[in-house]
Amino acid sequence: MSDKKFMEIAIKAVVDYFNSQADVTDKNGKITEDNVFIVWMCKTLQNNKAMLSTTVSDGMYYEFTWNGDKQEGYLDCYKKWKNIVVKAEEG
C-alpha cells in the first residue's frame, strides 16, 4: 500500500470515529479530514503505523495500524490524562 493511501485510510478512520462519538450538543461538532493530522508514521515490510491527532483540544490521540497480511486496519483511541515531568538526578 502506498503511503498516500495509508494516510487517507488512517485519517478517514479518525474522522469516522470522532463523528460517531460526537454528541449533537457537543461544542466541537463534527470534524473533516482537514481537522486531522499525522504526528508520526512508519512502514515496516507490509505493515503501516501512524499516530494521529485532531485540531480539537480534547486531549485525544489516535494510533492506526494497517495489517498488510490481512488487509485490515486497527484504530486505537487514547485520552491524555496527565503530563508529569521526570528529571534525571545529576551525578
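Residues numbered from 1 in each chain as written. Predicted model: local features only at pLDDT ≥ 70, side-chain atom pairs only at ≥ 80, totals over all residues. Heavy atoms only, no water.

*Asks:* Please provide a residue-by-residue account of the pairing of strand β2 (residues 47-54), values included.
*Replies:* Note: strand β1 (residues 36-44) against β2, 8 bridges, orientation antiparallel. When the sheet's bridge partners are listed, Trp-40 is paired in β2 with Met-51. As paired strands, β2 and strand β3 (residues 60-67) are joined by 5 bridges and run antiparallel to one another. Pairing of Ala-50 across the sheet is with Phe-64, part of β3. Linking β2 to β3, which pair antiparallel, is a turn of 5 residues; within it Gly-59 sits at a positive phi near 75 degrees. (Pairing = 2+ DSSP bridges. Helix = DSSP H or I, 4+ residues; strand = E, 2+ residues; numbered from the N terminus.)

*Asks:* Can you tell me about a nonpolar patch on the surface, naming the residues and giving the values?
*Replies:* Residues Phe-37, Val-39 and Trp-40 make up a contiguous nonpolar surface patch of about 310 Å² in total accessible area. Of the residues examined, Val-39 reaches a relative accessible area of 57% and is grouped as exposed. (Patch = residues over 30% accessible without salt bridge, like charges linked within 9 Å, V, L, I, M, F, W, Y side chains within 5 Å. Areas by Shrake-Rupley, 256 points an atom, 1.4 Å probe, with all protein chains shown as cover. Salt bridge = Lys/Arg side-chain N within 4 Å of Asp/Glu carboxyl O. Buried < 20%, exposed > 50% of the residue type's maximum accessible area, 1.4 Å probe, protein only.)

*Asks:* Describe in detail the sheet that holds β1, supporting the description with residues and values.
*Replies:* Strand order in the open sheet formed by 4 strands is β1-β2-β3-β4, and the pairing between neighbours is antiparallel. Looking at the sheet topology across the chains shown, the edges are occupied by β1 and β4 (72-79). Strand after strand, the sheet turns through a mean of 15 degrees between neighbouring axes, direction not considered. (Axes fitted to C-alpha atoms, helices over the stretch in contact; angles between N-to-C directions.)

*Asks:* Which residues make up the nonpolar core, and what values go with them?
*Replies:* Grouped together as the largest cluster of nonpolar side chains are 17 residues, with contacts concentrated most on Phe-6, Phe-18, Ile-31, Val-36, Leu-52, Tyr-62 and Phe-64. Top element by residues in this core is helix α1 (residues 3-21). It accounts for 7 residues. Excluding residues that lie within four positions of it along the chain, Leu-52 makes contacts with Ala-10, Ile-11, Val-14, Val-36, Phe-37, Ile-38, Val-39, Tyr-61, Tyr-62 and Phe-64. (Core = buried A, V, L, I, M, F, W, Y, C linked by side-chain atoms within 4.5 Å. Contact = heavy atoms within 4.5 Å.)

These figures capture arrangement, not role.
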